[in-house]
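What follows is the residue order along each chain.
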Amino acid sequence: MRTDSKVPDSVGLSCYTENLAGYLSARAPNSPDLLARSVRLAVDPLTGGFSHHDRALNNLPGNLPGGRRLGYRGARDAEAARTGISAELALHDRVLVVADSGALPWLSGAADDHAPHLIMVDGRTPDGNWHVVDGFTALFSGGGSQDPFSGELSGAEFTALLAFPRGLSQVHRTRNSLAFGFPVALPPQETYQWLVEEEGTTEEQLPGGSWLTGAAALEETARLLLADLDDDGSRGVLEDVWAAAQHHMFRDAHLLATAGAELSLAERETVDATTAKWRELPRMLRFAANSARRGRPRPSLVSGAFTALAELEAAASPLHAAHGYGVPTAWPAVASSYGRQER
């Protein structure tokens, strides 16, 4: 592994959207604006699934008939995966690939889990190495950390960080499918996965019709989290809450950066209050999780934190809506009709 002298600046998003933002930046200079305005938490009480965006972020800007989107591809063996990734790189100069978050060689210490994590490949060297960019940053509960990375990996290093030899858990499959806000078809082979640009658009409809948003979504998240903590934590609700917190803080930072001069002091304080509560939430819930593992569950702490957050979000909602946040919009000139993914 060779690290570049300059690494990317993190924009503070999640393990899926951080590098999606980098990928989209070459296609649309206004992609940070769309990402910020897309932030919305929706929860399915029947399946425990989470959707973090109110529009399909894999639908790409452009004016081609039928639209363009990002769709998954998969392979069982490393050679086929490298071939597919190389072909997409040749077509578009960059490609998003699904990496194992616990196998990244630029980690400091250990990650909390082995989970899907998008990274971007944007070149090959003359000797066949892969140039990889990862703007994601995080502190892990076990003391490890991840900082942004840009640099070269050998073929062996690159292949090792992509492999899920035992496939994915159902929780991780659901996250992959909903990573862009709305369901995207998953490949039958999941040992190695990457994304390609293809014809079609993803339908902006969540399955089942029972998804909750707003205060109801936060209340349901608290219920799901408490149930997960009472069990073994295998549903990973804490990770979805952490992602939601990152997205909502990004939303508020973008609002203040782009419209702060138009806001009154009281409006800025309203935004600051929601930001502070989202920033505090993951730390508080980690404390509750650790306490539950020691046999001292704290359900009132968890439910109280989400109730307070719901009240602050409700107070800020008219302000967000007035500035176009949480009001679904699409990329300019992208068709909205659904095109079934071909495989």
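Since this is a predicted model, take the numbers as computed values, not measurements. (Residues numbered from 1 in each chain as written. Predicted model: local features only at pLDDT ≥ 70, side-chain atom pairs only at ≥ 80, totals over all residues. Heavy atoms only, no water.)

K.L.:
Go over the pattern of salt bridges, please, and point to the residues and values.
P.N.:
Summed over the entire model, instances satisfying the criterion amount to 14 salt bridges. Residue Arg2 pairs with Asp4 through a salt bridge whose shortest N-O separation is 3.0 Å. With a closest N to O distance of 2.6 Å, Arg55 and Asp54 form a salt bridge. Of the two residues, Arg55 and Asp54, both sit in the buried class. Three or more residues joined by partner-sharing salt bridges are found here, namely Arg2, Asp4 and Glu152. (Salt bridge = Lys/Arg side-chain N within 4 Å of Asp/Glu carboxyl O. Buried < 20%, exposed > 50% of the residue type's maximum accessible area, 1.4 Å probe, protein only.)

K.L.:
Tell me about the pairing of strand S3 (residues 50-53), and please be specific about residues and values.
P.N.:
In this structure, strand S2 (residues 39-43) lies alongside S3, joined through three bridges in antiparallel fashion. For Ala42, the partnering residue across the bridge sits in S3 and is Ser51. Between S2 and the antiparallel strand that follows it, S3, lie six residues; Gly48 among them carries a positive phi value of about 75 degrees. (Pairing = 2+ DSSP bridges. Helix = DSSP H or I, 4+ residues; strand = E, 2+ residues; numbered from the N terminus.)

K.L.:
Pulling in residues and values, what's your account of the environment of His117?
P.N.:
Within the fold, His117 resides in strand S7 (residues 116-124). For His117, a relative accessible area of 1% gives the class buried. Only 2.9 Å separates the side chain of His117 from the side chain of Asp134, close enough to count as a polar contact. (Polar contact = N/O pair within 3.5 Å; in protein donor to acceptor, adjacent residues only side chain to side chain.)

K.L.:
Describe the sheet that holds strand S12 (residues 192-199), and please don't skip the residues or the numbers.
P.N.:
As a general point, the strands of a sheet are linked pairwise by backbone hydrogen bonds and lie either parallel or antiparallel. Strand order in the open sheet made by the eight strands is S1-S11-S8-S7-S6-S12-S5-S4, with antiparallel pairing throughout. On the outer flanks of this sheet lie strand S1 (2-3) and strand S4 (59-60), each paired with one strand and no other. Pairing of strand S5 (residues 68-75) with S12, which is carried by eight bridges, proceeds in the antiparallel orientation. Bridging across to S12, Gly71 finds its partner in Val196.

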